Amino acid sequence: MNVDLPLIKSLLLYVITLVISTPMLYAQPTKKPQFNKWVFGNNNMLDFSSGRPVHSKFGKNTTIETAGAHCDPNGDLLLYSDGKFIYDKNDDVIQNGEVWSSQSARQGPIFVPFIDNPRKFYVFQVDGSSATFTLPWCGPAKRYDGLYYHVIDMTLNGGKGGIVPGEKNNVLVDTTGEAVIGIMHDNGVDYWIVTRKALSSTFYAFLVTKDGICPTPVISEVGSGNFAPRPAPGQVTAPGNLAKGLMQMKASFDGTQIATVESYNRPQLFDFNQCTGKLSNMKYIDNSNGGYDICFSPNDSLIYISKENYLNQYKRFDDNIPSTRFYVGSGKHYGMRVYGDSLYIATAGVNNYFISLLSSPDIYQKPGLQNEFMDTDSNLVSYNFPHYFDYERNGLPYNSSKETYGICIGDSVIIQVASTLCSDTDFIYSWSPASDLSDASAANPVASPQSSTTYIRTATYLCHTYTDTVVVMVAPKDSAEIMYDNAFCKNDVNPLPTILGNTDGFFAISGNGIIDSLTGEINLSETEVGVHTVFYELNSACLSMDSTTLTINSVPFVDAGEDIILNVNDISTELSAIVTDSSGLVLNNTNSGTYEWSPSEGLSCTDCPVTICSPPLNGSDIVYNYIVTYTDGNGCSASDDVNVTLEFDKYIYVPNGFTPNADGSNDEFGISSNGVADIWLTIYDSKGKKVFETENIEDKWNGMFNNRLINGTLTYQLIGSYIGDIENNFIQTGTITVLK
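Residues numbered from 1 in each chain as written. Predicted model: local features only at pLDDT ≥ 70, side-chain atom pairs only at ≥ 80, totals over all residues. Heavy atoms only, no water.

Asks: Would you mind showing me how to read the overall build of the chain here?
Replies: On a plain count of helices and strands, the chain comes out with two helices and 57 strands. For the chain, with 740 residues in total, the buried portion stands at 48%. If you take every contact in the chain between residues at least 6 apart in sequence, the share linking residues at least 24 apart comes to 56%. (Helix = DSSP H or I, 4+ residues; strand = E, 2+ residues; numbered from the N terminus. Buried < 20%, exposed > 50% of the residue type's maximum accessible area, 1.4 Å probe, protein only. Contact = heavy atoms within 4.5 Å.)

And the structure:
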């Protein structure tokens, strides 16, 4: 029977998750040359090129908060900014480098290289004036200008760099808080720029790809706070509404969460979808308002909040984060930034000429606070270190995802691409060709092609389109057929199959069966009685399976009884075979099987369960072994044997004379015996000449030799053996007197 069964082609991968007290942590910040030099306010610079920070007075940044800096891949300073000017490594303002000022913003400009051109940069910054609303019409464009950007081309101005004409002060959204961050996209190539409206719970995320910045934002209404109404242009806000945009925002290093801290609201934690740019699931980090800066620990397990005179620590993954607050210590704690496995703290204020440090920031309740870790040589420290976004491309080609599937003809497969995990109801999908697809507009349709097909998937989200390729290879199915005999007995020789077709496969058997997976040999003695199915599956690319059924029958039990000792004077004895099944049930009267006794000599019936045994006395045999074989209705046989031993006295008598005178009495010489198997008798005359010889114990001698009667005393030699002991000869000698 050749059965082509549809087989499941996809393997179910069981992911064993190690359950620990906190979720597994993935991303950690690294020490990268692009961030080796920190140029920040009050003419400070930290240089990490040697592995440990070295302080020096450098630069033209005289602000107390706003700073941004970026190095080239070798760690040499490339650009820095104080929020109003963008400088090159020589402290010169780059060409066209004066921009709208964000010098009062808590988070400074961030430099991000173009995805496909490392010589061009985006510079994103937020207008600090628009966040605080301290003046009417405070933005340079006579409004609250919010988040804006510039484009720098380092090939301009003879290689010194400059802002591309027409690509300066481009506003993405107005009236924002003082925070802007960058987060990698789920695809590992694109990224998001995220900010929040001031006096609002509205977050804006802008997608950046190699094609540019999508001006259509992803807007998330999430979070909470007692936000005052937004002032109208030209209106001076009331004192109670002042500084409601004073805030900082940080992304976790794994890119999955965003934390915010601000002067007039409780610090909050949000989930961030790196695929869609949406924020959700707000949690409070602390139950009280306020804080200057917020930061994740290097391994992402802890969160830190600074507020001038204190520094607190929290467990990021705890169900009740506020309850985990741990007071780290006091000091002038303001801006914070992680570099490698350490966390550095800016200590602004009068007579503050030091930078503090957490040497073990990943350890809860023991972060290793070192106030005044570094002396800045009488140079006042600003409130913040340089702002940055660590753009880290995953190395994959951009927009060239390609997946390949292999199926057998007649089968189906759910097709998906590398960005399949990145999907949302706002994505628009289109597959081509649409034939043989369950739904050409689905993210992951079912494909059932009859031949190898290349599918192109187009996914559109916001104002960008991603194109991916899926190849479905279709192969013909292979086949094979296996055959066994239909039935076997438990005591048969282990059977092997006959294989027709492809012989590169493996075997399996149903139930409690034992089979060699490579050869198909069934271990009958270890396999349960009953009906079994044997499966044969090919190792070919297109799996095919055949199956066949067979029956394994039990073997009856036969008992021929105890061995018998039979005296030669007895006439006969009875031999009886008792047959039972595996449960002990006697089968003799079921008439479902046959009997066979062997040898047949001396038996009254050779095909009966009971037979009469009359063994003959035959030569050297005194033990007769009779075997009975029972064969049941399934053809399964079993045998047992019984020994019948003849018992008798053993002796031999040689007379010492005889009288061959023809008087009818004692005329012949002969031997009488019992149980003798064989003899060799030789008689010699007085001169040692042999006159008679025989090997038959029944032979008689009349005293004649060479036609004359021998007279006198003769000698004899008798060699023989007894029945049952023919290996051990006996020798007997003596004299015989012959009287005429």
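Asks: Which parts of the structure should I look at to understand a negative patch on the surface?
Replies: Where like charges cluster on the molecular surface, the negative patch consists of Asp559, Glu562, Asp563 and Asp641. Structurally, aspartate 559 is set in strand E41 (residues 557–559). In this structure aspartate 559 comes out as partly exposed when scored by relative accessible area, which is 41%. (Patch = residues over 30% accessible without salt bridge, like charges linked within 9 Å, V, L, I, M, F, W, Y side chains within 5 Å. Areas by Shrake-Rupley, 256 points an atom, 1.4 Å probe, with all protein chains shown as cover. Salt bridge = Lys/Arg side-chain N within 4 Å of Asp/Glu carboxyl O. Lys, Arg positive; Asp, Glu negative; His and termini not counted. Charge placed at Lys NZ, Arg CZ, Asp CG, Glu CD.)

Asks: What am I meant to see in the nonpolar core here?
Replies: It is characteristic of soluble globular proteins that their nonpolar side chains tend to be buried jointly. In terms of nonpolar packing, the biggest core is built from 26 residues, with Val558, Leu575, Trp597, Tyr626, Val628 and Val644 touching the most fellow members. Membership of the second largest hydrophobic core comes to 25 residues, among which are Ile115, Val126, Val180 and Tyr204. (Core = buried A, V, L, I, M, F, W, Y, C linked by side-chain atoms within 4.5 Å.)

Asks: Which parts of the structure should I look at to understand the pairing of strand E31 (residues 428–432)?
Replies: Sheet faces and side chains relate simply in a regular strand, where the side chains alternate between the two faces. The alternating pattern of E31 places Tyr429 and Trp431 on a buried face, while none of Ile428, Ser430 and Ser432, on the opposite face, is buried. Where E31 meets strand E33 (residues 453–461), five bridges bridge the pair, whose relative direction is antiparallel. Bridge pairing links serine 432 to isoleucine 456 in E33. (Pairing = 2+ DSSP bridges.)

Asks: How should I be thinking about the side chain of aspartate 632 in this particular structure?
Replies: Of note, aspartate 632 is situated in the loop between strand E47 (623–631) and strand E48 (637–647). Buried aspartate 632, no salt bridge; nearest opposite-charge side chain is lysine 490, N-O distance 13 Å. A polar atom in the side chain of aspartate 632 sits 2.9 Å from the backbone nitrogen of cysteine 636. The residues touching aspartate 632, leaving out its near neighbours within four places in the chain, are Ser554, Pro556, Ser592 and Gly593. (Polar contact = N/O pair within 3.5 Å; in protein donor to acceptor, adjacent residues only side chain to side chain.)

Asks: Whenever I open this one, the sheet that holds strand E18 (residues 247–251) confuses me. Can you help?
Replies: The strands making up a sheet are joined through hydrogen bonds of the backbone, oriented either antiparallel or parallel. Reading across the sheet, the four strands line up as E18-E19-E20-E21 and stay open at both edges, with antiparallel pairing between neighbours. Of all strands in the sheet, those with a lone pairing partner are E18 and strand E21 (279–284), marking the two edges. In this sheet, neighbouring strand axes are inclined to one another by 25° on average, regardless of whether the strands run parallel or antiparallel. (Axes fitted to C-alpha atoms, helices over the stretch in contact; angles between N-to-C directions.)

Asks: Any chance you could explain the packing of aromatic side chains here in plain terms?
Replies: Remark: the centre distance and the inter-plane angle together describe each pair of aromatic rings, the angle taken between the planes. Scanning all chains against the criterion turns up 35 aromatic pairs. Ring geometry for tyrosine 292 against tyrosine 334: centres 5.3 Å apart, planes inclined by 85°, an arrangement best described as edge-to-face. Of the two residues, tyrosine 292 is situated in the loop between E21 and strand E22 (293–296) and tyrosine 334 in the loop between strand E24 (326–333) and strand E25 (336–339); the sequence distance between them amounts to 42 residues. Accessibility assignment for this pair places tyrosine 292 and tyrosine 334 in one class, buried. Seen from their ring centres, tyrosine 624 and tyrosine 626 are 6.4 Å apart, and the 15° between their planes marks the pair as stacked. Take tyrosine 624 and tyrosine 626: they sit in the same class, and that class is buried. Feature note: the residues Trp38, Phe40, Phe48, Tyr339, Tyr344, Phe373 and Phe385 constitute an aromatic cluster, connected by ring pairs. (Phe/Tyr/Trp six-rings, centres within 6.5 Å; stacked < 30°, edge-to-face > 60°.)

Asks: Would you mind going over unusual backbone geometry with me for this structure?
Replies: Trans peptide bonds make up the majority, and among non-glycine residues the majority have a negative phi. With omega at 0°, the peptide bond leading from serine 432 into proline 433 counts as cis. Within the secondary structure, proline 433 sits in the loop between E31 and strand E32 (446–447). Following serine 598, the chain continues into proline 599 via a peptide bond in cis, with omega recorded as -5°. Assignment of secondary structure puts proline 599 in the loop between strand E45 (594–598) and strand E46 (610–613). Of note in the backbone geometry, aspartate 91 takes a positive phi value of approximately 70° without being a glycine. As for its position among the elements, aspartate 91 is in the loop between strand E6 (85–88) and strand E7 (93–98). Phi is positive for threonine 175, which is not a glycine, with a value near 55°. Residue position: threonine 175 is located in the loop between strand E12 (170–173) and strand E13 (176–184). Since its relative accessible area comes to 4%, threonine 175 is described here as buried.

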